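A look at the structure
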Amino acid sequence: MRVDYDQLEQQIAALSHGETDEVALMATLACEIHHADDRFDWTGFYRVTAPELLKIGPYQGGHGCLVIPFSKGVCGAAARTRETQLVPDVEAFPGHIACSSATRSEIVLPVFGKGGRLIGVLDIDSNQPEAFTTKDAERLERILAATFATI
């Protein structure tokens, strides 16, 4: 099953309407996004908890890495550059952190709050190579902005 982004956006907007707690919103998005598409093997957030440091937040799937510095891996790169990382083959990404040996491809999107404050990153892993597209990136960025930009 492939995600219907229009339906996903509507569902998330309805579920998150009026909510301002970042962790509650992350938990809701992780659940809704994860179950929207068979390609999504692990879906979760890493939160900025200190300068240059991410710690695991709400997620769906197997265990995740607990702590990721901005200087390491795909999640660190997304936080450091403040840009979406679309990785068709994690083995080809310099410094990739293998939280799960099943991961073949990954997309990581920075999550911004009010005024461009970096809240964390949304990490979606797939056990399929080249699972993610620029359309996924654009639609997920839109969902994140609609959910977190005013918090």
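Predicted model, so just to flag it, every value in this text is computed and none were measured.

Bringing the packing of aromatic side chains into the picture now. Per the stated rule, a full pass over the model turns up 4 aromatic pairs. Ring centres of Phe-40 and Phe-132 lie 5.9 Å apart, and the angle between their planes is 25°; this geometry places the pair in the stacked category. A residue pair is termed long-range when its members are at least 10 positions apart, and Phe-40 in the loop between α2 (22-34) and β1 (42-50) and Phe-132 in the loop between β6 (118-126) and α4 (134-148) qualify at 92 residues. Of the residues examined, Phe-40 reaches a relative accessible area of 4% and is grouped as buried.

Positive phi, normally seen in glycine, also occurs at Arg-82, with a value near 60°. Residue placement: Arg-82 occurs in the loop between α3 (73-81) and β4 (85-87). Phi is positive for Glu-130, which is not a glycine, with a value near 50°. With respect to the secondary-structure elements, Glu-130 resides in the loop between β6 and α4. Judged by relative accessible area, which is 63%, Glu-130 ranks as exposed.

Here we take up α2. Across its 13 residues, α2 extends 18 Å between first and last C-alpha, which sits within 8% of the 18 Å expected from 1.5 Å per residue. Residues Leu-25, Met-26, Leu-29, Ala-30, Ile-33 and His-34 constitute the buried set of α2. Burial along α2 is one-sided: seen end-on, the buried residues are contained in an arc of 140°. For α2, the elements touching its buried residues are α1 (5-16), β1, β2 (53-60), β6 and α4. Capping the start of α2 is the job of one residue whose side-chain oxygen sits 3.1 Å from the backbone nitrogen of Val-23: Asp-21.

Compared with an ideal rise of 1.5 Å per residue, which puts 12 residues at 16 Å, α1 spans 16 Å between its outermost C-alpha atoms and is within 8% of the ideal. Buried residues of α1: Tyr-5, Leu-8, Ile-12 and Ser-16, and no others. Down the axis of α1, the buried set is contained in an arc of 55°. They therefore lie on one face. Facing away from the buried side of α1 by over 90 degrees, the exposed positions are Gln-7, Gln-10 and Ala-14. Against α2 and α4 lie the buried residues of α1. Between the side-chain oxygen of the N-cap and the backbone nitrogen of Asp-6 there are 3.1 Å, and the N-cap of α1 in question is Asp-4. After α1 finishes, the residue Gly-18 shows a positive phi value of roughly 85°.

How each quantity is defined
Along every chain, residues carry numbers that run from 1 in the direction the sequence is written. Restriction of local features to residues with pLDDT of at least 70 applies here, the model being predicted, together with a cutoff of 80 or more for giving and counting side-chain atom pairs; totals for whole chains, interfaces and linings are based on all residues. The basis for every side-chain value is the complete set of non-hydrogen atoms in the structure, without hydrogens or water. Stacked, tilted and edge-to-face are the three classes applied to pairs of Phe, Tyr and Trp rings, where Trp contributes its six-membered ring and a pair requires centres within 6.5 Å; stacked means planes under 30 degrees apart, edge-to-face means over 60, and tilted covers the rest. Helix numbering and strand numbering both begin at the N terminus, where a helix is a DSSP run of H or I of at least 4 residues and a strand a DSSP run of E of at least 2. Relative accessibility under 20% of the residue-type maximum defines a buried residue, over 50% an exposed one, and the middle range a partly exposed one, all with a 1.4 Å probe and only protein chains included. For a helix, the expected span equals 1.5 Å multiplied by the residue count minus one. Throughout, the arc means that of the directions going from the helix axis to the C-beta atoms. Contact definition: two residues touch when any of their heavy atoms are within 4.5 Å. We call two N or O atoms a polar contact when they sit within 3.5 Å, provided that within protein one can donate a hydrogen and the other can accept it, with sequence-adjacent residues counted only if both atoms are side-chain atoms.

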